[in-house]
Amino acid sequence: MKLPIEDRLREIYEELPRSERLLADIIIDFPGDLATHSISELVERADTSNAAATRLIKRLGYKDFREIRKQVREAKSEGSPRYLNTFDHHAGDFRSEIKQHLDCEMENLVRSFEALSEDALQEIIPCIETSAKIWIIGYGNSYMPALYFRQQLIQLRSCVEVLPRPAQAIEKDLCGLTEQDLVIVIGFRRRKEVISRVMTYARELGAKVLYLTDHTEDKTVNLADWTLRCMVQSTSLFDSYSSGFSMLNYLCASVSDHIGRGASERLSRAEKLHELFSKIEEN
């Protein structure tokens with residue numbers, strides 16, 4: 001398998017003539033543009049020539065630009081953050097950069113909630129309320145959303161766990177999983193292979209599985225009873241999880257509405273405990 005093109009360019013950068021180095025600079029800074037822009041557009045932006053681009057492509061060991069684009073698109077679909085940055089933060093003024101960022105965030109929110117199925121939601125919410133135990137699983141970038149979801153749900157019901165626990169093997173906890181439980185997997189890119197095994201195990205036991213993921217996931221969604229997709233596109237190197245957190249917030253609000261008075265009573269008990277413990281700390 002070929003090295004990422006920007007890594008290969010760094011290896012030979014000092015050997016390149018200026019005409020090719022101009023294009024190399026664009027590719028190193030914004031490799032994701034190789035998947036969306038033509039070679040002519042990149043050449044124009046670099047202020048170099050098509051001949052220089054042809055020489056650079058051959059020097060890198062590719063047959064043509066289509067071979068490069070195929071490699072970059074594959075890496076981009078797998079969630080490689082280096083190929084997600086297609087925005088030059090030095091190209092415009094401050095306000096235009098902020099607007100582009102906010103436009104992208106709003107687009108993520110709108111597209112994520114437009115894809116939310118009312119029928120699926122009507123099944124998910126009662127399941128969250130009535131399952132004997134809820135296991136929320138998240139690795140890497142998905143761990144913080146998992147913690148957030150648990151923190152909200154525990155205000156509405158008991159027996160909500162987050163896995164993996166720090167320095168603990170997930171297998172020791174999951175041995176307590178039963179068919180009366182709900183497994184909620186949060187799997188934003190990049191995803192660990194273990195989550196597919198967890199979902200397979202849960203389904204074999206008869207437990208329900210809710211999967212919150214992004215639009216690039218196409219390998220394990222069939223292992224879940226419900227799959228909610230959130231757009232995580234960003235104008236930078238880093239995925240944006242605004243739509244993911246908003247989706248989780250909406251699920252919690254929907255569960256609270258469904259539970260009704262019981263949710264308010266649980267929150268009242270929590271507030272009384274908070275006041276009690278605060279008084280103890282003061283004394």
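Residues numbered from 1 in each chain as written. Predicted model: local features only at pLDDT ≥ 70, side-chain atom pairs only at ≥ 80, totals over all residues. Heavy atoms only, no water.

Tracing the sequence through the fold places S243 in helix α11 (residues 242-259). If we skip the residues at most four places from it in the chain, S243 touches N108, L109, S112, C230 and M231. (Helix = DSSP H or I, 4+ residues; strand = E, 2+ residues; numbered from the N terminus. Contact = heavy atoms within 4.5 Å.)

So, on to helix α8 (residues 143-153). Of all the positions in α8, only P145, A146, F149 and L153 are classed as buried. One side of α8 holds all its buried residues, which, seen down the axis, span an arc of 105°. The secondary structure elements touched by the buried residues of α8 are α7 (118-130), β1 (134-138), β2 (160-163), β3 (182-187) and α11. (Buried < 20%, exposed > 50% of the residue type's maximum accessible area, 1.4 Å probe, protein only. Arc of directions from axis to C-beta.)

Reading across the sheet, the 5 strands line up as β2-β1-β3-β4-β5 and stay open at both edges, with parallel pairing between neighbours. Lying at the two open borders of the sheet, with one neighbouring strand each, are β2 and β5 (226-230). In this sheet, adjacent strand axes meet at a mean angle of 15° when their direction is disregarded. The sheet contacts of α7 involve β1, β3, β4 (208-214) and β5, and relative to β5 the element is tilted by about 110°. (Pairing = 2+ DSSP bridges. Axes fitted to C-alpha atoms, helices over the stretch in contact; angles between N-to-C directions.)

Considering the arrangement of structural elements, one finds R189 in the loop between β3 and α10 (194-205). Within the structure, R189 has its side chain in polar contact with the side chain of D239 (distance 2.9 Å). (Polar contact = N/O pair within 3.5 Å; in protein donor to acceptor, adjacent residues only side chain to side chain.)

What follows concerns the nonpolar core. Among the nonpolar cores identified, the biggest contains 31 residues, and I136, F149 and L153 are the most heavily contacted of them. Only α7, β1, α8, β2, β3, β4, β5 and α11 provide two or more residues apiece to this core. Per-element accounting of this core gives the leading share, 6 residues, to α7. Apart from residues lying up to four places away in sequence, I136 is in contact with A146, F149, R150, L153, V160, E161, V162, L163, I184 and I186. Counting 23 residues, the second-largest nonpolar core is a separate cluster that includes L16, I28, L34 and L56. (Core = buried A, V, L, I, M, F, W, Y, C linked by side-chain atoms within 4.5 Å.)

One can find V185 in strand β3. Of the residues examined, V185 reaches a relative accessible area of 0% and is grouped as buried. The spacing of V185 and V209 is 24 residues in sequence and 7.4 Å in space, taken between C-alpha atoms. Filtering out sequence-adjacent residues up to four positions away, V185 remains in contact with I137, I195, M199, L210, Y211 and L212.

A complete count under the given rule lists 14 salt bridges for this structure. Residue R45 pairs with D33 through a salt bridge whose shortest N-O separation is 3.0 Å. Taken together, the positions of R45 in helix α3 (residues 39-46) and D33 in the loop between α2 (18-29) and α3 put the pair 12 residues apart, joining distant regions of the chain. Using a relative accessible area of 2% as the deciding quantity, one classes D33 as buried. One salt bridge in this structure joins R66 and D64, with 3.4 Å as the shortest N-O distance. Each of E20, R55 and R59 takes part in a single network of salt bridges with overlapping partners. (Salt bridge = Lys/Arg side-chain N within 4 Å of Asp/Glu carboxyl O.)

This brings us to the packing of aromatic side chains. Taken as a whole and assessed by the stated rule, the structure comprises 3 aromatic pairs. Judged by centre distance (5.8 Å) and plane angle (90°), the ring pair of F113 and Y250 falls under edge-to-face. You can see F113 sitting in helix α6 (residues 94-114) and its partner Y250 sitting in helix α11, a full 137 residues away along the chain. Owing to a relative accessible area of 35%, Y250 belongs among the partly exposed residues under this scheme. Ring geometry for F188 versus Y241: centroids 5.2 Å apart, planes at 45°, classification tilted. On the criterion of sequence distance, the pair formed by F188 in the loop between β3 and α10 and Y241 in the loop between β5 and α11 is long-range, its members being 53 residues apart. Accessibility classification places F188 together with Y241 in one group, the buried group. (Phe/Tyr/Trp six-rings, centres within 6.5 Å; stacked < 30°, edge-to-face > 60°.)

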